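Chain by chain, the residues run as shown.
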Amino acid sequence: MERQILIGGEAGQGVAKAATIMGKAFVREGFYVFNYRDYPSLIKGGHNFNVLRISAEPVSSHEFDGHDVVVALDEKTVRKHAGEMKKDAVVLAPNRVNADSKLSVDTENIIRELNAPKIMENIILISAAWKYLGMPFESLEKTILEELKNNRTAVTAAKRGYEEVETGKVMGTAPEKRARYFITGSQAVAMGAIAAGIDLYIAYPMTPATPVLHYLAAVQTEYDFQVLQLENEIAVANAALGASYAGAMTMIGTSGGGFALMGEAMSLQGMSEVPLVAYLAMRNAPSTGVPTYTGQGDLKMAVNIGHGEYPKVVVAPGDPKEVFERTLEAFYLAYKYRVLSIIISDKHLAESTYTVDGFSPRVEPERFIVEDVPEDYKSYEITETGVSPRAVPGQGDAPVRATSYEHDEYGYTREEGEWAIKMNDKRFRKVRYIKEEVASLEPVNTYGNGDKVIVSWGSTKGAILDALKQLDGWRFVQVSYIEPFPAEQFLDAVEGAERIVLVENNVTGLLGDIIAEKTGMIIEEKILRYDARPFTPKYILRRL
Amino acid sequence: MRVNQNDLNTPVENTWCPGCGNFGILTAVKGAIADLVNEGFAELKDFVLTADIGCGSKIYDYIKINGYYGLHGRAVALAVGIKLANPELKVIAFGGDGGLLNEGIAHLVHAARYNSDITTVMHNNQVFALTTGQATATTERGFRGKSTPLGTFEEPLNPITLMIESGATFVAREFSYDVAHLKETLKAAIKHKGFSIIDVLQPCVSFHDTTEYFRKRIYRLEDEGHDPYDREAALKKAREWGYDLDPDARIPVGVFYINDEKMAYEEGWPSIRKGPFWKRKRERRWEDTIRKYVVV
Ligand SMILES: Cc1ncc(C[n+]2csc(CCOP(=O)(O)OP(=O)(O)O)c2C)c(N)n1
Ligand code: SF4
């Protein structure tokens, strides 16, 4: 049993909140919900919509058509989405909105009688939709109270909306009601960072990385850490390196444009070996692109960020469960190996809400600081693993030094070729150990067991998994570590494939290039989407 | 433990040109740190320097204390970050006029505005020296360098007024050959709570030799009864010389401006106020964080 609900209206009419409440109420009733959010880059007016996909089975994508119910806060929603509705679908809307197959809700009257704010129309309408789908009021009520800070008026308004319509397309009951998580990719990064022990999050606002800045800022006091917004991304990156050098577990976050500005500082990370975690949330690009929409065009930028050669980690989670777990891994690897860990995500993953059964982190990050600083401490001691024991300034008597120049073990500048070789070798010696570690972190996952293979990475996972349910003879190979690239695990996963198709949300197939570079394998068949919209199962199925 | 300033020497060979104004800065900095340690202001292990890229920034290699040698223009941003992570550290950022006022001016202005509790030392030779002599933001009009053979005509920037207006709470100018004075001002700047900056006039004997020009025109603010707590007087004094090398100039040095009342940036943050992060044991369980999003 699956249903799809579209909720639309102008910016400022509470579309996203309504979708969150309704989605969460369905999760409470034991359903799996995927909540897609679509909004243009403006603050008031325009057209925002959310699509809720609700199912008794796990679901992690939506379609842009096939709606069972359209909740329309304005007429534009009807005009834009009427053509996408199922034949027997209904529109739930206030009296003023004209639509066919409409169930009118007298929101204006209810608002007037309750003396409620106009924005509460959103609650009245979703409550009517809730009734139409035959859902019991109590779970919605509980969710409204949770999400709207115990607003009793909202509950009364919802009750009135609930009474306005008759039950129609009954959703039925889920096989099992149990506690599940309803969480976006952004929330999962934020919680992952907190779980990892973050001390400082430093950022400059840029969609779609901004929600992480907001979530972390909102809970900084509760978890005793700090969130700082500095003058620009260059300051963010450099200050973050300073902070991490001085002992704080530090993460920065931005989107493509901001990360490009940080490039030089990432290179400084590489030379100075000061641990750092960077969250990169892609939008459609190049340049300002389509800023509130999605894309996967920055993969090679992430892999190649900064000038010169230095080891780094790039991890690409595919859903909020993975985002949480991979964020912990990013911290763990960055601090253990004194490298840059980049968590690469995108608008689709960052701003969609997913239903998650549970989390199972594989690592426990820590500061990885030496217990005692020896008198003759060497900041860049050459060791077998290439990892020099990490101390922080003020810890022992010996100076702790970090530098952007090539250097000797004490961190003094050296321009002789001999030191350039020694230190490059030291830095790259880490890669072997990071690779071994990554191998134990399920860098490549396979779903299903057909002979034909879909290869992809990141947020496309949701649509691909849902497409897979309707496919015979296909399996899906998801690459989660891009750097260091798990070549062996990848080749094992695609072994014996009679057909391989690459699926990416970009113009040229960037993972395909990386696979070719790292394994020599060239994937000819590609399904690429670059209209700034995410994949849906149908989009993939039609093109296979 | 007493520290002698020679204890701060490093084995690195100094590569500044003979006669370079940077030597005076190096001596004064080592002297100031040794004094502050000996006077019980802080332990040696609590001093940290950050450096830009440029001739002056080579100071990183010549002082044996904690240090982070950063990127061109970014020494101040690095320093701000260090102080946020551990407010107990005494952080000094070194950079040239090119790094601080050209490449990285945003960081300088904002660090002053934040009133971040760091000290910035500007090796102001009014030229990009390490890249062999191009004009910077403080170069005088009419300067003919390799990149400006026709001569520059842009008005120089006045870092003193800029810093006072940006919100810095300790603003001074010194002359690199007056080591004793520079040392005292450095000590006061480091002790100051809030953003302090010293614009050190540092002749570059190879590309911008202003040694004689300055010697003849410099006078000390305290000799003329300047009150550094008077903001308007400070701005007025700051405007006396605009960095053009005009022959009639009188050039004030010393402390222009002090404001002891403004809260330092790091004091505003409840978690940072508690002291160094690295000493804290985090006992967050991942189950407790993610629980925020559970639906029951
Ligand atoms: C991003 C970047 N751009 C340019 C350079 C080249 N560069 C090195 S030093 C320098 C100028 C240094 O001038 P200044 O900061 O005034 O210091 P000085 O050498 O005069 O002491 C420049 C432009 C660089 N290292 N990094
Ligand atoms: S070039 Fe100028 S600033 Fe650089 S070391 Fe020589 S004299 Fe000093």
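Residues numbered from 1 in each chain as written. Chains lettered and ligands numbered in written order. Predicted model: local features only at pLDDT ≥ 70, side-chain atom pairs only at ≥ 80, totals over all residues. Heavy atoms only, no water.

Caption draft 1: Molecular detail of the site of ligand 2. The local shell around ligand 2 consists of Trp16, Cys17, Cys20, Asn22, Cys55, Asn125, Ala129, Gln202, Cys204, Val205, Ser206 and Phe207 of chain B. A per-class count over the shell around ligand 2 returns eight nonpolar, four polar and no charged. (Near = heavy atom within 4 Å. Nonpolar A, V, L, I, M, F, W, Y, C, P; charged D, E, K, R; others polar.)

Caption draft 2: Summary view of unusual backbone geometry. All names here are of chain A. Residue Pro208 is bonded to the preceding Thr207 through a cis peptide linkage, with omega at 0 degrees. Cis rather than trans, the peptide bond between Ala285 and Pro286 has omega equal to 15 degrees. Mapped onto the secondary structure, Pro286 falls in the loop between strand S11 (276–282) and helix H12 (299–304). One non-glycine residue, Arg338, lies in positive phi territory at about 55 degrees. The topology assignment puts Arg338 in the loop between helix H13 (320–337) and strand S13 (340–346). Owing to a relative accessible area of 7%, Arg338 belongs among the buried residues under this scheme. (Helix = DSSP H or I, 4+ residues; strand = E, 2+ residues; numbered from the N terminus. Buried < 20%, exposed > 50% of the residue type's maximum accessible area, 1.4 Å probe, protein only.)

Caption draft 3: Molecular detail of the sheet that holds strand S6 (residues 196–201) of chain B. Here we have nine strands laid out as an open sheet, ordered S15(A)-S2(B)-S1(B)-S3(B)-S4(B)-S6(B)-S5(B)-S8(B)-S7(B), and mixed in their pairing. Taken across any chain shown, the strands that pair with only one partner, and hence form the sheet edges, are strand S15 (401–403) of chain A together with strand S7 (218–220) of chain B. Pairwise comparison of adjacent strand axes, ignoring direction, gives a mean angle of 20 degrees for this sheet. Where strand S3 (residues 90–96) of chain B lies against strand S4 (residues 119–124) of chain B, five bridges are found, and the strand directions are parallel. (Pairing = 2+ DSSP bridges. Axes fitted to C-alpha atoms, helices over the stretch in contact; angles between N-to-C directions.)

Caption draft 4: Here's a closer look at the site of ligand 1. With respect to spatial proximity, 17 residues lie near ligand 1, and among them Cys55, Gly98, Gly99, Asn125 and Val127 of chain B are the closest. Each of chains A and B places residues next to ligand 1. Between an oxygen atom of ligand 1 and a main-chain N or O atom of Ala129 of chain B, the distance comes to 2.9 Å. Protein contacts shield 77% of the accessible area of ligand 1, which totals 580 Å² for the unbound molecule. No other element matches helix H4 (residues 97–103) of chain B, which puts four residues into the shell around ligand 1. For the shell around ligand 1, a count of residues per class yields six nonpolar, eight polar and three charged. (Polar contact = N/O pair within 3.5 Å; in protein donor to acceptor, adjacent residues only side chain to side chain. Areas by Shrake-Rupley, 256 points an atom, 1.4 Å probe, with all protein chains shown as cover.)

Caption draft 5: Expanded view of the interface of chain B and chain A. Across the boundary between the two partners, chain B contributes 53 residues, which contact 69 residues of chain A. Counting the surface lost from both chain B and chain A, the interface buries some 5300 Å², and carbon and sulfur atoms represent 60% of this. Three residues stand out in chain B for area buried against chain A, namely Trp278, Tyr293 and Val295 of chain B, and they jointly supply 15% of the buried area on that side. For the interface between chain B and chain A, the tally reads four salt bridges. Note that Lys292 of chain B is salt-bridged to Glu222 of chain A, the shortest N-O span being 2.7 Å. Where chain B packs against chain A, one counts 33 residue pairs in polar contact (both at pLDDT 80 or more). The element best represented in the side of chain B that touches chain A is helix H3 (residues 75–85) of chain B, accounting for six residues. Of the residues in the side of chain B that touches chain A, the class split is 31 nonpolar, ten polar and twelve charged. Note that strand S7 (residues 180–184) of chain A and strand S9 (residues 294–295) of chain B share two bridges and pair antiparallel. Among the inter-strand pairings, Arg180 of chain A is bridged to a residue of S9 of chain B, identified as Val295 of chain B. (Contact = heavy atoms within 4.5 Å. Buried area = accessible area lost by both parts, 1.4 Å probe. Salt bridge = Lys/Arg side-chain N within 4 Å of Asp/Glu carboxyl O.)

Caption draft 6: Focus on the pairing of strand S1 (residues 47–51) of chain B. All names here are of chain B. Summarising burial for S1: five of the five residues are buried, a large majority. Across the two faces of S1 the burial is the same, with Phe47, Leu49 and Ala51 and Val48 and Thr50 all buried. Sheet topology places S1 next to S3; five bridges connect them, and they run parallel. Within S3, the residue paired with Leu49 across the bridge is Ile92.

Caption draft 7: Fine view of the packing of aromatic side chains. All names here are of chain A. On inspection of all chains with the given rule, the structure shows 27 aromatic pairs over all chains. With a centroid separation of 5.8 Å and an interplanar angle of 70 degrees, the aromatic rings of Tyr332 and Phe368 are classed as edge-to-face. On the criterion of sequence distance, the pair formed by Tyr332 in helix H13 and Phe368 in the loop between strand S14 (353–356) and S15 is long-range, its members being 36 residues apart. Relative accessible area serves as the criterion here: at 11%, Tyr332 is assigned to the buried category. Take Phe368: its relative accessible area is 22%, and that puts it in the partly exposed class. One Lys or Arg, Arg37, reaches over the ring of Tyr39 and ends 4.2 Å from the middle of that ring. The ring of Trp419 is capped by Lys422, whose NZ or CZ atom sits 4.1 Å from the centre of that ring. (Phe/Tyr/Trp six-rings, centres within 6.5 Å; stacked < 30°, edge-to-face > 60°. Lys NZ or Arg CZ within 6 Å of the ring centre and 35° of its normal.)

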